[in-house]
Amino acid sequence: MRAPTAARPADAEQTGRRVEEVLDRLAASGDPAAAEAAEELVRSLMDFYGSGLARILHLLTAAPGDPLAGLLGDELVASLLVLHDLHPEDRDTRITRALDSVREHALTVVDFDEESGALTLRAREAGGCGCGSGAGALEAAQAALACFAPEVRAVDVQSAPAGPTLLQIGTAPTGAR
């Protein structure tokens, strides 16, 4: 991962001209579907980056203290930083941050295979009742990891080891004494 330094500055006017040239070439290619798809792609990317920049400005002006902490904790901003290899935290720290954002599922890292991008997690028992974290753990982990650690391409959640079964004790029916 690159150190978070200033990236090669892009010239906005030159970049705008280049995008227009590419869109014009696609329009002239005789394939209107390709030209429409390219324009939609540009609009989608502009919306994504615009939302990210708006969020950065909001976080910088609204949060007291360390503005970097607020930026790194925001899913949209973190995903933009990771996308451009500018996120200052290493992979393991970002995985931990992602799992902390879904802490209600009580997940711990078992293993990460760098070659395949597979992350193995274990769902800890919740509340001592033996009921585990529930079915939403995998979906919540995948969504958070997509923002904070996109190098994780597969997630496997193992069940927590079986604990003691909770014994339900009720009152005796009336007249059974």
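Scroll up for the structure.
Below is a summary of the structure that appears in this document. (Residues numbered from 1 in each chain as written. Predicted model: local features only at pLDDT ≥ 70, side-chain atom pairs only at ≥ 80, totals over all residues. Heavy atoms only, no water.)

**Some thoughts on the overall build of the protein chain**
Argument step 1. Helix and strand counts for the protein chain stand at 6 helices and 3 strands.
Argument step 2. Going from the N terminus to the C terminus, the protein chain shows its helices and strands as α-α-α-α-α-β-β-α-β.
Argument step 3. Split into buried and exposed, the 177 residues of the protein chain put 23% on the buried side.
Argument step 4. Within the protein chain, counting contacts between residues at least 6 apart in sequence, those at least 24 apart form 58% of the total.
Argument step 5. Accessible area of the protein chain: about 11900 Å², with a carbon and sulfur share of 56%. (Helix = DSSP H or I, 4+ residues; strand = E, 2+ residues; numbered from the N terminus. Buried < 20%, exposed > 50% of the residue type's maximum accessible area, 1.4 Å probe, protein only. Contact = heavy atoms within 4.5 Å. Areas by Shrake-Rupley, 256 points an atom, 1.4 Å probe, with all protein chains shown as cover.)

**A word on the layout of surface pockets**
Argument step 1. There is about 230 Å³ of room inside the largest pocket.
Argument step 2. Lining the largest pocket, in full, are Ala 10, Asp 11, Ala 12, Thr 15, Gly 16, Val 19, Val 42, Leu 45, Met 46 and Tyr 49.
Argument step 3. Here the residues of the lining of the largest pocket are counted per class, giving 7 nonpolar, 2 polar and 1 charged. (1 Å grid on protein atoms, 1.4 Å probe; cavity = no way out; pocket = protein on both sides within 12 Å on 5 of 7 lines; lining within 4 Å. Points joined across faces, edges and corners; volume = space filled by probe spheres on them. Nonpolar A, V, L, I, M, F, W, Y, C, P; charged D, E, K, R; others polar.)

**Some remarks on the sheet that holds strand E3 (residues 154-158)**
Argument step 1. Here 3 strands make up an open sheet; going across it, the order is E1-E2-E3 and the pairing mixed. The open sheet is flanked by strand E1 (107-113) and E3, the only strands paired with a single partner. Across the sheet, the mean angle separating the axes of adjacent strands is 25 degrees when strand polarity is ignored.
Argument step 2. Of the pairings in the sheet, the one linking strand E2 (residues 118-123) to E3 comprises 5 bridges and is parallel in character. The residue bridging Leu 121 from the neighbouring strand is Val 157, located in E3.
Argument step 3. Helix-sheet contacts for helix H5 (residues 91-100) involve E1 and E2, and the interaxial angle to E1 is about 145 degrees.
Argument step 4. Where helix H6 (residues 136-148) meets the sheet, it contacts E1, E2 and E3, and its direction lies at approximately 145 degrees from that of E3. (Pairing = 2+ DSSP bridges. Axes fitted to C-alpha atoms, helices over the stretch in contact; angles between N-to-C directions.)

**Some details on the packing of aromatic side chains**
Argument step 1. Tallied over the full model, the rule gives 1 aromatic pair.
Argument step 2. Ring centres of Phe 48 and Tyr 49 lie 5.5 Å apart, and the angle between their planes is 80 degrees; this geometry places the pair in the edge-to-face category. (Phe/Tyr/Trp six-rings, centres within 6.5 Å; stacked < 30°, edge-to-face > 60°.)

**A short note on H6**
Argument step 1. For H6, which comprises 13 residues, the first-to-last C-alpha distance of 18 Å matches the rise-based estimate of 18 Å (1.5 Å per residue) to within 8%.
Argument step 2. Within H6 the residues assigned to the buried category are Ala 137, Ala 140, Ala 141, Ala 144, Leu 145, Cys 147 and Phe 148. The arc that holds every buried residue of H6, seen down its axis, measures 155 degrees, which confines them to one face.
Argument step 3. As for H6, its buried residues are in contact with helix H3 (67-73), helix H4 (75-83), H5, E1, E2 and E3. (Expected span 1.5 Å × (residues − 1). Arc of directions from axis to C-beta.)

**Comments concerning H5**
Argument step 1. Burial in H5 covers these residues: Arg 94, Ile 95, Ala 98 and Leu 99. Each buried residue of H5 sits inside an arc of 135 degrees when the element is viewed along its axis, so together they form one side.
Argument step 2. Where H5 is buried, its residues touch H4, E1, E2 and H6.

**Topic: the packing of helix H1 (residues 12-28) against helix H2 (residues 32-62)**
Argument step 1. Close contact between H1 and H2 brings their axes to 8 Å; oriented N to C, the two are set at 155 degrees. With respect to H2, the axis of H1 lies roughly antiparallel. For the element pair H1 and H2, the recorded crossing hand is left-handed. Contact with H1, carried on its side by Val 19, Leu 23, Leu 26 and Ala 27, involves Ala 34, Ala 35, Ala 38, Glu 39 and Val 42 of H2 and no other residues of that element. (Parallel < 35°, antiparallel > 145°, perpendicular 65-115°, else oblique. Left-handed = near helix turned anticlockwise from the far one by under 90°.)

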